[in-house]
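Commentary on secondary and tertiary structure
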Amino acid sequence: MDIAAHTIGRSQVLCLIGNPVAHSISPQLHNTLSMMTQNELTYVPFKVESGELEKAIDGLRALNVKGFNITVPYKEDVISYLDECTGDAKVFGAVNTVLNEKGRLIGYNTDGEGFLRAFEQETCTSFRDKEIVVLGAGGSARSISLKICSQKPKKLYIVNRTIDKAIKLAQALSTGSSINVEAKLLTDNSIKKILEKVDIVINTTTCGMFPEIDNSPLDDSIIFSSKQIVYDIIYNPKETKFLKSAEKAGCRTFNGLNMLLWQGILAYEIWTGTRLNEVEISDVIGRMKNIL
Ligand code: ATR
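Residues numbered from 1 in each chain as written. Predicted model: local features only at pLDDT ≥ 70, side-chain atom pairs only at ≥ 80, totals over all residues. Heavy atoms only, no water.

1. Notes on the overall build of the chain
- A tally of regular secondary structure across the chain gives 10 helices and 12 strands.
- Relative to the compact-globule value of 19 Å for 292 residues, the chain shows a C-alpha radius of gyration of 20 Å, a close match.
- Overall, the C-alpha framework of the chain stretches about 60 × 40 × 35 Å when taken along its three principal axes.
- When each of the 292 residues of the chain is scored for burial, the buried share is 48%.
- If you take every contact in the chain between residues at least 6 apart in sequence, the share linking residues at least 24 apart comes to 68%.
- Roughly 14,500 Å² of accessible area belongs to the chain as shown, and the carbon and sulfur atoms make up 50% of that amount.
- Within the chain, one finds 33 positive and 34 negative side-chain charges whose respective centroids are separated by 4 Å. (Helix = DSSP H or I, 4+ residues; strand = E, 2+ residues; numbered from the N terminus. Rg over C-alpha atoms; globule rule 2.2 N^0.38 Å. Buried < 20%, exposed > 50% of the residue type's maximum accessible area, 1.4 Å probe, protein only. Contact = heavy atoms within 4.5 Å. Areas by Shrake-Rupley, 256 points an atom, 1.4 Å probe, with all protein chains shown as cover. Lys, Arg positive; Asp, Glu negative; His and termini not counted. Charge placed at Lys NZ, Arg CZ, Asp CG, Glu CD.)

2. Things to note about the pattern of salt bridges
- Taken as a whole, this structure holds 15 salt bridges when the rule is applied.
- In this structure, the salt-bridge partner of Lys197 is Glu131, at a minimum N-O distance of 3.3 Å. Pair noted here: Lys197 is in helix α7 (residues 191-197) and Glu131 is in strand β7 (residues 131-135), with a separation of 66 residues, a long-range link.
- On the basis of relative accessibility, which here comes to 47%, the residue Lys197 falls in the partly exposed class.
- A salt bridge links Glu182 to Lys184, with the nearest nitrogen and oxygen atoms 3.5 Å apart.
- Exposure remark for Lys184: the relative accessible area of 17% places this residue in the buried category.
- In this structure, a network of salt bridges that share partners links the residues Asp88, Glu113, Arg117 and Lys147. (Salt bridge = Lys/Arg side-chain N within 4 Å of Asp/Glu carboxyl O.)

3. Here's the deal with the sheet that holds strand β11 (residues 229-232)
- Spatial ordering of the open sheet is given by β9-β8-β7-β10-β11-β12, a layout of 6 strands whose pairing is parallel. Sheet topology places β9 (181-185) and β12 (252-254) at the edges, where each strand pairs with a single neighbour. Taking the axes of each pair of neighbouring strands and ignoring which way they run, one obtains an average angle of 15° across the sheet.
- In the sheet, β7 pairs with strand β10 (residues 200-203) via 4 bridges, with the strands oriented parallel. Along β10, the bridge assignment pairs Leu135 with Asn203.
- In the packing of helix α8 (residues 241-248) onto the sheet, the strands contacted are β7, β10, β11 and β12, and the crossing angle to β11 comes to about 165°. (Pairing = 2+ DSSP bridges. Axes fitted to C-alpha atoms, helices over the stretch in contact; angles between N-to-C directions.)

4. Let's talk about the pairing of strand β1 (residues 12-18)
- Where burial is concerned, most of β1 is hidden: 5 out of the 7 residues are buried.
- The pairing of β1 with strand β2 (residues 41-47) spans 7 bridges and is parallel. Considered in β2, the bridge of Cys15 is made with Val44.
- Assessed by its sense of winding, the connection that carries the chain from β1 through helix α1 (residues 26-37) to β2 is right-handed.
- Pairing of β1 with strand β3 (residues 67-70), which is carried by 4 bridges, proceeds in the parallel orientation. (Right-handed = clockwise from strand over helix to strand, strands pointing away.)

5. So, the nonpolar core
- In this structure, Phe115, Phe127, Ile148, Leu156, Ile158, Ile202 and Tyr231 are the most contacted members of the largest nonpolar core, which totals 51 residues.
- Broken down by element, the residue count for this core peaks at 10 residues, all from helix α9 (residues 257-272).
- Not counting chain neighbours up to four residues away, the residues in contact with Ile148 comprise Phe115, Phe127, Ile132, Val134, Pro153, Leu156 and Ile202. (Core = buried A, V, L, I, M, F, W, Y, C linked by side-chain atoms within 4.5 Å.)

6. Some details on the site of the ligand
- Within the structure, the ligand sits among 13 residues, and Ser140, Asn160, Arg161, Thr162 and Lys165 are positioned closest to it.
- Here Lys165 contributes a side-chain N or O atom positioned 2.8 Å from an oxygen atom of the ligand.
- A distance of 3.4 Å is found between an oxygen atom of the ligand and a backbone nitrogen or oxygen belonging to Thr206.
- Split by residue class, the shell around the ligand holds 3 nonpolar, 8 polar and 2 charged. (Near = heavy atom within 4 Å. Polar contact = N/O pair within 3.5 Å; in protein donor to acceptor, adjacent residues only side chain to side chain. Nonpolar A, V, L, I, M, F, W, Y, C, P; charged D, E, K, R; others polar.)

7. Side note on α1
- A rise of 1.5 Å per residue sets the reference length of α1, with its 12 residues, at 16 Å; its end C-alpha atoms lie 16 Å apart and thus fit the reference within 8%.
- When we look at burial in α1, the residues that qualify are Ser26, Pro27, Leu29, His30, Thr32, Leu33, Ser34 and Met36.
- Immediately downstream of α1, the backbone of Gln38 shows phi near 55°, a positive value. (Expected span 1.5 Å × (residues − 1).)

8. Brief notes about the packing of aromatic side chains
- Enumeration according to the criterion identifies 8 aromatic pairs in this entry.
- Pairing Phe119 with Phe127 gives two aromatic rings, centres 4.3 Å apart and planes at 25°, and the pair type is stacked. One exposure class covers both Phe119 and Phe127, and it is buried.
- For the ring pair Phe224 and Phe242, a centre distance of 5.6 Å and an interplane angle of 85° mean the geometry is edge-to-face. Placement of the pair is Phe224 in the loop between β10 and β11 and Phe242 in helix α8, with a sequence separation of 18 residues.
- Judged by relative accessible area, Phe242 falls into the buried class, the value being 1%.
- Aromatic ring contacts, followed pair by pair, group Phe115, Phe119, Phe127, Tyr231 and Phe254 into a single cluster. (Phe/Tyr/Trp six-rings, centres within 6.5 Å; stacked < 30°, edge-to-face > 60°.)

Here is the structure:
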């Protein structure tokens, strides 16, 4: 008979820190992964009120948890309470995964890599030599655009409602690199033409997310062209108004569910120090898609 990991004395704890956390799929994902890989790990969500973050992290240190995820609104604030940041966490200035390495808390960020893995797996293509529009210039746009630039696209447009943020991100992306990055205002007259000709359009804005499902970052007059790949990192609803219009135009469309699962899979690999094989990855993605 299988025994649940949390009933075993030597079981180790993983958790999620954020506010809110009740909607999170991470407990289901990580407990499913622990069960599948027969690791004695239990994952629990903790809602932490503002002003309580330092105490929460101290508590996790004292309890010697194996690791934890950090979500909104603490991905940046948490850095002051960690011992070190590594890889993308250092570059992005934001952490979504923490590993407790013999008492030292090390911050990682799997958001950008999670997007890249999901995109490559789903579309069977890369960003190399492509023309791409990223809608949005917030935290998600930053981590996704940095990964896109690492693949040497032909041209990247950062299109945002607030032009200052788009300019700042475009400058950060092109500094010290040869990538052609241009900032554009979402309502600029040239947007329609740009959106018609690029190869890939990615929505990283929060516009269209539940409960505002009737909203779209794009004007209704904008029509996609059928050869485009259109990606929305929103996963609730599964098909946003933005994705519906791309689907109608005959584009290949993808939502943010795989990205969400991949960033979690990569966190699990950091905590356990093992790489999941392809069969395990497609198994867990399949199981999660059945639940969600
Ligand atoms: P995240 O960490 O998820 O990226 P964020 O940093 O708050 O969240 O960024 C949200 C992005 O969605 C921003 O680019 C924001 O545009 P502004 O920079 O102009 O605020 C964009 N956004 C949010 N609501 C939007 C809307 N109704 N229309 C267009 N863009 C919107």
